[in-house]
Amino acid sequence: TITENMSEGLLVIDKKTDILSYNSSALTLLGTDLTPNMRSVFTLNRSYGFREVVDKALQGGHAEETIFINSRYCRLYSNPVMQGDKIAGAVIVILDITEKEERDRLRREFSANVSHELKTPLTSISGFAEIIHNGLVKQEDIKKFTGNIYDEAKRMIALIDDIIRLSQLDESSFVEEMKDVDLQSITREIVERLKPAAEAKRLRTEVYTEALHVHGVPQILDEMIYNLCENAIKYNKDSGSLSIELKKAAEGILFSVSDTGCGIPYEDQDRVFERFYRVDKSHSKEIGGTGLGLSIVKHAAILHNAKITLSSVPGHGTKIEVLFPVTA
Ligand code: ADP
């Protein structure tokens, strides 16, 4: 009963590799439904890693290997079973480590992306500075070149701010800062802050808000709403429109932003919440995107138990809704 209730897989074999005992987790993890009593353990799996751990244990050693079965990573641990000074068989324990592997992969990918994203503006800054330093720029062009340096430096600062915010969200160190937050004031204040950007594109902005509060972190909610509204402006067409709503719905408090912009291609819609994911890399850089905005939105939603829904029609526009539970 004990081994049947383990989530780890367990196999006990004799020295001829025949199975003496097993639990159902072992069969599930190895992706087989054979009834393996008294068969060779190799009927369950024949991969190199599996054979290695079995062989090493039967030679008296301890072995560990990771194998990939049915889209999952399994870590195998084996040890010999001794009878006096003779090897009588082996015990193999199997752990599903898919989530850990996935986390490690994301972390590696994130570090590589951060380095790349920071290096790009820094290379430009260094290039412009070098040309000026070597006296290759005419006096009248100095303003343009230093302007470029200033823009690239601002881009780096924006990136670093977003990265810091994301790592704070990862550590979820905000729980103590949760308090009653007036979403209506935050929304109105953000609309004011973004007014110049909306006017520059001659956008018609409709704002409808109700006096609603949630339990949350003011700074994070501000950032979440700001990112969504800013995207609705950045990715909008000239003379388009955007609509921002905050209202009480049957299921909770609903905040939504819709725009008449370029929309998001269907195949990218699941991915835009990933870190550094941008639909159009070159254009996004031009309009000042870091590719981290929606990822911050996603983590902010998780922190507040809110649910995000994206609906977007390429060429027509995008709507993003955030539903906060009433008790949040
Ligand atoms: P960025 O800083 O590049 O705007 P985000 O994480 O905020 O990064 O968004 C990721 C990508 O999703 C953007 O690069 C853009 O391609 C797409 N996107 C986000 N919001 C919208 C929108 N309202 N309309 C069209 N595309 C959008």
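Now for a quick tour of the structure.

Thresholds applied
- Residues numbered from 1 in each chain as written.
- Predicted model: local features only at pLDDT ≥ 70, side-chain atom pairs only at ≥ 80, totals over all residues.
- Heavy atoms only, no water.
- Helix = DSSP H or I, 4+ residues; strand = E, 2+ residues; numbered from the N terminus.
- Rg over C-alpha atoms; globule rule 2.2 N^0.38 Å.
- Buried < 20%, exposed > 50% of the residue type's maximum accessible area, 1.4 Å probe, protein only.
- Contact = heavy atoms within 4.5 Å.
- Areas by Shrake-Rupley, 256 points an atom, 1.4 Å probe, with all protein chains shown as cover.
- Lys, Arg positive; Asp, Glu negative; His and termini not counted.
- Charge placed at Lys NZ, Arg CZ, Asp CG, Glu CD.
- Near = heavy atom within 4 Å.
- Polar contact = N/O pair within 3.5 Å; in protein donor to acceptor, adjacent residues only side chain to side chain.
- Core = buried A, V, L, I, M, F, W, Y, C linked by side-chain atoms within 4.5 Å.
- Pairing = 2+ DSSP bridges.
- Axes fitted to C-alpha atoms, helices over the stretch in contact; angles between N-to-C directions.
- Left-handed = near helix turned anticlockwise from the far one by under 90°.
- Nonpolar A, V, L, I, M, F, W, Y, C, P; charged D, E, K, R; others polar.
- Parallel < 35°, antiparallel > 145°, perpendicular 65-115°, else oblique.

1. Observations concerning the overall build of the protein
Then step 1. For the protein, the count of helices and strands is eight helices and twelve strands.
Then step 2. On C-alpha atoms alone, the protein measures out to a radius of gyration of 28 Å, which is more than a quarter above the 20 Å that the 2.2 N^0.38 rule sets for 328 residues.
Then step 3. For the protein, the C-alpha atoms occupy an extent of roughly 85 × 65 × 40 Å along the three principal directions.
Then step 4. Relative to its full complement of 328 residues, the protein shows a buried share of 41%.
Then step 5. Here the contacts in the protein between residues at least 6 apart in sequence split such that 60% fall between residues at least 24 apart.
Then step 6. For the protein, the accessible area works out to roughly 18300 Å², and carbon and sulfur atoms hold 53% of it.
Then step 7. The centroid of the 40 positive side-chain charges in the protein is displaced by 3 Å from the centroid of its 49 negative side-chain charges.

2. Let's talk about the environment of G289
Then step 1. Take G289: it is sitting in the loop between helix 7 (281–286) and helix 8 (293–303).
Then step 2. Residue class for G289 comes out buried when judged on its relative accessible area of 2%.
Then step 3. Considering only alpha carbons, one finds G289 and S185, 104 residues apart in sequence, at a separation of 26 Å.

3. Describing unusual backbone geometry
Then step 1. Positive phi outside glycine occurs at N70, with the angle close to 45 degrees.
Then step 2. Mapped onto the elements of the fold, N70 is located in the loop between strand 3 (63–69) and strand 4 (72–83).
Then step 3. Residue N70 is classed as exposed on the basis of its relative accessible area of 57%.

4. A word on the side chain of T17
Then step 1. Looking at the secondary structure, you find T17 in the loop between strand 1 (9–14) and strand 2 (19–22).
Then step 2. The exposure class assigned to T17 is buried, which follows from its relative accessible area of 12%.
Then step 3. Not counting chain neighbours up to four residues away, the residues in contact with T17 comprise R39, S40, V41, F42, V54 and L58.

5. Notes on the site of the ligand
Then step 1. Taken together, 19 residues are adjacent to the ligand, and N231, Y235, D259, T290 and L294 come closest.
Then step 2. Residue N231 places a side-chain N or O atom 2.8 Å away from an oxygen atom belonging to the ligand.
Then step 3. Surface burial for the ligand is 96%, taken as the share of its 540 Å² of free accessible area covered by protein chains.
Then step 4. When contributions to the shell around the ligand are tallied by element, the ones reaching two or more residues are helix 6 (218–234) and helix 8.

6. Side note on the nonpolar core
Then step 1. Grouped together as the largest cluster of nonpolar side chains are 49 residues, with contacts concentrated most on L183, L221, M224, L228, C229, F255 and F324.
Then step 2. Sorting elements by how many residues they give to this core places helix 6 first, with eight residues.
Then step 3. Leave out the neighbours within four places in its chain, and C229 touches I190, L194, I244, F255 and V257.
Then step 4. By size, the runner-up hydrophobic cluster in this structure holds 23 residues, among which are L29, L44, I67 and L76.

7. Structural notes on the sheet that holds strand 10 (residues 252–259)
Then step 1. Strand order in the open sheet made by the five strands is 7-9-10-12-11, with mixed pairing throughout. Each of the sheet's edge strands pairs with one partner strand only, and the pair in question is strand 7 (204–209) and strand 11 (307–313). Neighbour to neighbour, the strand axes of the sheet diverge by 10 degrees on average, direction disregarded.
Then step 2. As defined by bridge partners, strand 9 (residues 241–249) adjoins strand 10 across eight bridges and the pair is classed as antiparallel. Among the inter-strand pairings, I244 is bridged to a residue of strand 10, identified as V257.
Then step 3. Contacts from helix 6 reach strand 9, strand 10 and strand 12 (317–324) within the one sheet, and its direction differs from that of strand 10 by about 25 degrees.

8. Some details on the packing of helix 5 (residues 183–200) against helix 6
Then step 1. For the pair helix 5 and helix 6, interaxial distance at closest approach is 10 Å and the crossing angle is 35 degrees. Here helix 5 runs over helix 6; the crossing is right-handed. On helix 6, the residues that touch L183, I186, T187, E189, I190, R193, L194, A197 and A198 of helix 5 are P218, L221, D222, I225, Y226, C229, E230 and I233.
Then step 2. For the contact of helix 5 with helix 6, the residue count by class is twelve nonpolar, one polar and four charged.

9. Overview of the packing of helix 4 (residues 142–171) against helix 6
Then step 1. Two elements in contact, helix 4 and helix 6, have axes separated by 12 Å at closest approach and are oriented at 125 degrees. When the axis of helix 4 is compared with that of helix 6, the two are oblique. In terms of crossing hand, the pair formed by helix 4 and helix 6 is left-handed. Residues D162, R165 and L169 of helix 4 form the contact with helix 6, whose own contacting residues are Q219, I220 and E223.
Then step 2. The class makeup of the residues in the contact of helix 4 with helix 6 is two nonpolar, one polar and three charged.

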